[in-house]
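Structural description and commentary
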2 protein chains.
Amino acid sequence: MQPTVEDVARAAGVSRQTVSNVLNAPERVRPQTRARVEAAIAQLGYRPNRLAQGLRAASSRMIGYRIEPVHPHALGSIHDRFLHALADAGRAEDHHLLLYTADDAEGEIAGAVSLYKAGAIDALVLYGLHPGDPRPPALRAHGVPFAAFGRTGDDDGHPWVDVDNTAGTAAATRHLAERGHRRIAFAGWPDGSAVSDRRAEGWREACAGLGLPLGPHLRGEDSLATGAALGARLLEHPDRPTAVVAATDTLAAGLLRTVRARGAELAVVGFDDTPTAAALDLSSVRQPIEAAGRAMISALLNPPLADPAPADPPLGGGPQAARLLAPELIVRGSSTGTP
Amino acid sequence: MQPTVEDVARAAGVSRQTVSNVLNAPERVRPQTRARVEAAIAQLGYRPNRLAQGLRAASSRMIGYRIEPVHPHALGSIHDRFLHALADAGRAEDHHLLLYTADDAEGEIAGAVSLYKAGAIDALVLYGLHPGDPRPPALRAHGVPFAAFGRTGDDDGHPWVDVDNTAGTAAATRHLAERGHRRIAFAGWPDGSAVSDRRAEGWREACAGLGLPLGPHLRGEDSLATGAALGARLLEHPDRPTAVVAATDTLAAGLLRTVRARGAELAVVGFDDTPTAAALDLSSVRQPIEAAGRAMISALLNPPLADPAPADPPLGGGPQAARLLAPELIVRGSSTGTP
DNA sequence: TTGTAAGCGTTATCAC
DNA sequence: GTGATAACGCTTACAA
């Protein structure tokens, strides 16, 4: 059994509430008394019980996070970096992450709502958002506070943080142009993926800004095999590019495999700077995940959660701008040959 | 505000305790009454408050887990698989993971003790154990229950689960021998790493069992660059091997880079089956992490935590045996050429 | 400044 | 089978 306020009070020769005051409103306690209480706390190794605090305060100081199964195709991900960043940012605010699993988005919602209603979590962190994502509206309907890492396109009702994907591929494209490449392709996922679209947009805009013709825009699912196949298509393309920007490291790794297997010359830049990128000597765009984690926690704990006054001016504007974080290009050997 | 037992009781026209009985001892309640209460629960969306339950039961149903910063050298890791497995195994038992961060082992201990004393966690999961690891004795001294994934060599006082590293490299070695290799090297970390030692042992024993001469045993820190350097040493070795078993995928990837850059022939098998292994077409030994996660949770929640009777027979023997899990060799292109 | 009293939501005990 | 009472550990009015 752990010591309680009562034990501390007895040891210090004061009442239970004085101990509480020492912890929560020290200025109200005579220094001498305070010192005695603090000595007792230290000596007994007393820690306030978080469950009791939470029950009283109606706040568990826990943030829910659904951990997804590791996708077998994708090469390592930045997910573990994100999780660590989140946990670390929470530490400063005395909040912790509560991990849970679910089989699908529906189960994720049900699990989150259940944890919230049970008072196990105060809020939720969502990631991997996509257009039409069912989670934000569902959580909103159930009154579960949350912040999102990524956007769905309909993000006005909740705090979010995102990485400026467009800026990332634009930087990659400019880097390639600086190395002398004039014909730069892009490899992304199919159709309506908002992330891939934004990354393609950065490439397109950068090419336009530089006065370069637009190279081929290839699409395929995010796997190594697809990347390799796209590489073959690129090398056999009638209008063969000398460089390619890929929407992910996985695709880039596939491209690179084909390129290297054939001894061909094709500069490649990936996205995410996964550990695999370093292993393959692949240039890649690195997301500022640590900053994103801090921004998420801050978004969750500061205005939205603390003061949900209904008639206040909407969030937008100032703070929102700081939530779009700029990525950084990491240059390696895969993009530094000459065309 | 969420509904409470009281609300449910009022809605069902019974008393608070009857509601509690419906949840915790349904057989004691007349079916008719029970149905009425259950309807009220469903209609109100009532969920028992976990904080209140925890306070009452002196158990938070939370398991602490320190998430370490991502090691920048290592290629992806199996850590995210482990974490998911753990969280998923906990779900079945209605337990959740509480993530926390720390700067070093000392901070990890302090954090864990603090969380435990605060009633925020019931127990801890440790991983990355090494001989002389300060954590088990410290936690034991503070009375914090824990289970370890991995062994320190002095593991009698706590539940643990480990992967049979020796069996893994032995399987890799036999696989290479079957492909016709007669001279097989090993690349591991330096000195007293228990894990590397066990992996080297599997290779050594398998070679002996097969009547093969022992190839060179190289050592270096776990990085890509080191792997690449070891690869060069191997290719220039006076007694050049035709295959090598590496203690990690990171070392294997480095070896492979040198091998492929020089167009040399050297079969390589890694360890961990990280996503990078698939990317590099690298054969690798895959740890049964999902099973390990389940075993950890089970070790934590079943005998040790539920019934810490002091004078009982020690754990050893039967259950212990099942805690050493057999890995699986995943064969890919890096080891299927002929010597 | 310090102490008294009440309540957060749950469950176990014990009468009825 | 059901209902009143108490207790888990903490905090916050409020009174001394």
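Residues numbered from 1 in each chain as written. Chains lettered and ligands numbered in written order. Predicted model: local features only at pLDDT ≥ 70, side-chain atom pairs only at ≥ 80, totals over all residues. Heavy atoms only, no water.

On to the relation of the copies chain B and chain A, then. When chain B is fitted onto chain A, the two copies agree to an RMSD of 0.0 Å after a turn of 180 degrees and an axial shift of 0.0 Å. Such a combination of turn and shift is consistent with a two-fold rotation axis. (Least-squares fit on C-alpha atoms with pLDDT ≥ 70 in both.)

So, about the sheet that holds strand 4 (residues 146-149) of chain A. If you trace the 12 strands from one edge of the open sheet to the other, you get 11(A)-5(A)-4(A)-3(A)-1(A)-2(A)-2(B)-1(B)-3(B)-4(B)-5(B)-11(B), paired in mixed fashion. A strand with exactly one partner marks an edge of an open sheet, and here the two such strands are strand 11 (324-325) of chain A together with strand 11 (324-325) of chain B. Where strand 2 (residues 96-100) of chain A meets strand 2 (residues 96-100) of chain B, 3 bridges bridge the pair, whose relative direction is antiparallel. Looking at the pairing, A:Leu97 lines up with B:Leu99 of strand 2 of chain B. The sheet contacts of helix 6 (residues 105-117) of chain B involve strand 2 of chain A together with strand 1 (62-66), strand 2 and strand 3 (123-127) of chain B, and relative to strand 2 of chain B the element is tilted by about 135 degrees. (Pairing = 2+ DSSP bridges. Helix = DSSP H or I, 4+ residues; strand = E, 2+ residues; numbered from the N terminus. Contact = heavy atoms within 4.5 Å. Axes fitted to C-alpha atoms, helices over the stretch in contact; angles between N-to-C directions.)

If you check the shell around DNA strand C, you find 23 residues, and the closest are A:Gln17, A:Thr33, B:Val5, B:Tyr46 and B:Arg56. Close to the protein, within 4 Å, the atoms of DNA strand C are drawn from sugar and phosphate at a rate of 70%. In the environment of DNA strand C, a phosphate oxygen lies 2.5 Å from a nitrogen or oxygen atom belonging to the side chain of A:Thr33. In the environment of DNA strand C, a phosphate oxygen lies 2.9 Å from a nitrogen or oxygen atom belonging to the side chain of B:Gln53. (Near = heavy atom within 4 Å. Polar contact = N/O pair within 3.5 Å; in protein donor to acceptor, adjacent residues only side chain to side chain.)

Our next topic: the packing of helix 1 (residues 5-12) of chain A against helix 3 (residues 31-44) of chain A. All names here are of chain A. As a packed pair, helix 1 and helix 3 sit with axes 9 Å apart at the nearest point and diverge in direction by 125 degrees. With respect to each other, helix 1 and helix 3 are oriented oblique. For the element pair helix 1 and helix 3, the recorded crossing hand is right-handed. For the pair helix 1 and helix 3, the contacting residues are Asp7, Val8, Ala11 and Ala12 in the first and Arg36, Val37, Ala40, Ile41 and Leu44 in the second. Residues belonging to the contact of helix 1 with helix 3 are distributed by class as follows: 7 nonpolar, no polar and 2 charged. (Parallel < 35°, antiparallel > 145°, perpendicular 65-115°, else oblique. Left-handed = near helix turned anticlockwise from the far one by under 90°. Nonpolar A, V, L, I, M, F, W, Y, C, P; charged D, E, K, R; others polar.)

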